[in-house]
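# A closer look at the structure
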Amino acid sequence: MRDMVDVELDDFGPTARPARAGRRSATVNRAESPLSWLAARGLVSPRQMEAGERLRADFEAAGLAARVTMRWDAVPAGRHAGAIAGDPALGRIAAKRRFDAAIAALGPGLADIAWRVVCAGEGLPLAERALGWPARAGRLVLTLALDRLADHYALK
């Protein structure tokens, strides 16, 4: 999917502000994740990309992303949420366990950047600033985290 928009550039890269006349700008695809952006430019390997996508898939399947509103899904009449065969909640629990195991395998130093970029969808400059790291340190640490994640998932 493509969601192209012109945005202003600052010293750290694209901003969320729409482009104004006379300012530096770039066209970005808002539907593209930071990890897929790095992979499209050859800055992460296919193995690292697959590891990141597995982590993100477990994050999404576990329902760990922030919710905007409450869920209004009705429980089927005559059934209890925990007693349904093939219950979606069991899938969420399994995904949460896989996600927690992957984050534990990364450790506290690597889990921070992996979570911010892969799961939260923050760009590297924003993640570096949030973590108090120097510019361009995030990519190196992210690739180390993705390599460790690929080892955890036993990817070749």
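For the structure, see preceding data.
About the thresholds
- Residues numbered from 1 in each chain as written.
- Predicted model: local features only at pLDDT ≥ 70, side-chain atom pairs only at ≥ 80, totals over all residues.
- Heavy atoms only, no water.
- Helix = DSSP H or I, 4+ residues; strand = E, 2+ residues; numbered from the N terminus.
- Buried < 20%, exposed > 50% of the residue type's maximum accessible area, 1.4 Å probe, protein only.
- Contact = heavy atoms within 4.5 Å.
- Areas by Shrake-Rupley, 256 points an atom, 1.4 Å probe, with all protein chains shown as cover.
- Core = buried A, V, L, I, M, F, W, Y, C linked by side-chain atoms within 4.5 Å.
- Phe/Tyr/Trp six-rings, centres within 6.5 Å; stacked < 30°, edge-to-face > 60°.

Each helix and strand in the protein chain was counted, giving six helices and three strands. Relative to its full complement of 156 residues, the protein chain shows a buried share of 29%. Within the protein chain, contacts between residues at least 6 apart in sequence are counted, and of these 55% link residues at least 24 apart. Put simply, the protein chain shows about 10000 Å² of open surface, and 57% of that area lies on carbon and sulfur atoms.

The backbone of Arg136 sits at a positive phi, close to 70°, despite the residue not being glycine. Position of Arg136 among the secondary structure elements: in the loop between helix H5 (124–131) and helix H6 (138–152). Its identity as a non-glycine residue notwithstanding, Ala154 has a phi of 55°, on the positive side. Tracing the backbone shows Ala154 in the segment after H6.

Counting 27 residues, the largest nonpolar core has Leu55, Leu106, Ile113, Leu142, Leu146, Leu149 and Tyr153 as its most contacted members. The element best represented in this core is helix H4 (residues 108–119), accounting for seven residues. Apart from the residues lying within four places of it in its own chain, the contact partners of Leu149 are Ala51, Gly52, Leu55, Ala102 and Leu106.

This structure, assessed with the given rule, holds one aromatic pair. Summarising the aromatic geometry, the rings of Phe59 and Phe99 are spaced 5.6 Å apart at their centres and angled 50° between planes, so their arrangement reads as tilted. Highlighted residues: Phe59 in helix H2 (residues 46–61) and Phe99 in helix H3 (residues 88–106), separated in sequence by 40 residues. A relative accessible area of 6% places Phe59 in the buried class. Take Phe99: its relative accessible area is 7%, and that puts it in the buried class.

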